[in-house]
Amino acid sequence: MNRLTKAAIAVGGAAVLLVGGAQTIAYWTAQGTATGPDVTAGTLTMSDGACGEWTLDGGGAVTDGIVPGDTVTTTCSLAIGGTGDHLALGEITVSSPTWTAENALTGALDLSLTSATLGDETLTLPLTDPVPVGETDSLVVNLEAAFDTAATNDTQGLTAALDDVTVQVTQAHVVPTP
């Protein structure tokens, strides 16, 4: 082998060793662990309630029976509560009130939901803005039954018993303004 070739191979090998040695630099490393905090979900609850006695035209008790043209109302109260930093009610749904047994009297009564209150606040249904709810509030829904003035004689002496009224609330998210 030629001396020049041997020298070139030797220089090339030295260069490879130098370049290869430059890539063996070590860096320090360290590792730690941060403990994560817990987060707990809030609650939304409602307990069963009851509807009060029927009252005449927003006034006194029904004592001798209703007659065509009367309007009777009842209020149904339920306990509602919840926890959560931004908890609010977004929707209140009340089942379409129905009568236990259909008869001529129930057919002549136009039954409807008229209003609701949450604590001291009167609500307009359906809700258009979320309503904040506290840990314990009272939800009251008001039902009205108007006795049709065109009722016939076959409505006399009959009874109309209101079925259970189902109230459902849906949670909404509200961020209070500072």
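Below you will find a few notes about this structure.

Each value, and the rule that gives it
Residues numbered from 1 in each chain as written. Predicted model: local features only at pLDDT ≥ 70, side-chain atom pairs only at ≥ 80, totals over all residues. Heavy atoms only, no water. Helix = DSSP H or I, 4+ residues; strand = E, 2+ residues; numbered from the N terminus. Buried < 20%, exposed > 50% of the residue type's maximum accessible area, 1.4 Å probe, protein only. Contact = heavy atoms within 4.5 Å. Areas by Shrake-Rupley, 256 points an atom, 1.4 Å probe, with all protein chains shown as cover. Polar contact = N/O pair within 3.5 Å; in protein donor to acceptor, adjacent residues only side chain to side chain. Pairing = 2+ DSSP bridges.

## Details of the overall build of the protein
Now for step 1: From N to C terminus, the protein includes two helices and ten strands.
Now for step 2: Sequence-ordered secondary structure for the protein, helices as α and strands as β, is α-β-β-β-β-β-α-β-β-β-β-β.
Now for step 3: A buried classification covers 22% of the 178 residues belonging to the protein.
Now for step 4: Once local pairs closer than 6 in sequence are excluded, the contacts in the protein between residues at least 24 apart make up 79%.
Now for step 5: Only carbon and sulfur atoms are counted for the fraction: they give 54% of the accessible area of the protein, which is about 12300 Å².

## Things to note about the environment of Asp163
Now for step 1: Mapping Asp163 onto the fold places it in the loop between β9 (137-147) and β10 (167-173).
Now for step 2: The exposure class of Asp163 is partly exposed, given its relative accessible area of 26%.
Now for step 3: Sequence-wise, Asp163 and Thr98 are 65 residues apart; in three dimensions their C-alpha atoms are separated by 5.6 Å.
Now for step 4: Beyond its immediate chain neighbours, meaning those up to four positions away, Asp163 contacts Thr98, Trp99 and Thr100.
Now for step 5: Of note is the side chain of Asp163, whose polar atom sits 2.7 Å from the side chain of Thr98.

## Section: the pairing of strand β6 (residues 109-118)
Now for step 1: Across nine bridges, the pairing between β6 and β9 is antiparallel. Residue Leu109 lies in a different strand from β9, and its bridge partner there is Phe147.
Now for step 2: Relative to strand β7 (residues 121-123), β6 is paired through three bridges, and the arrangement is antiparallel. Residue pairing in the sheet places Leu118 in a bridge with Glu121 of β7.

## A look at unusual backbone geometry
Now for step 1: Across the junction of Leu125 and Pro126, the peptide omega takes the value -5 degrees, indicating a cis bond.
Now for step 2: Along the chain, Pro126 turns up in the loop between β7 and β8 (131-132).

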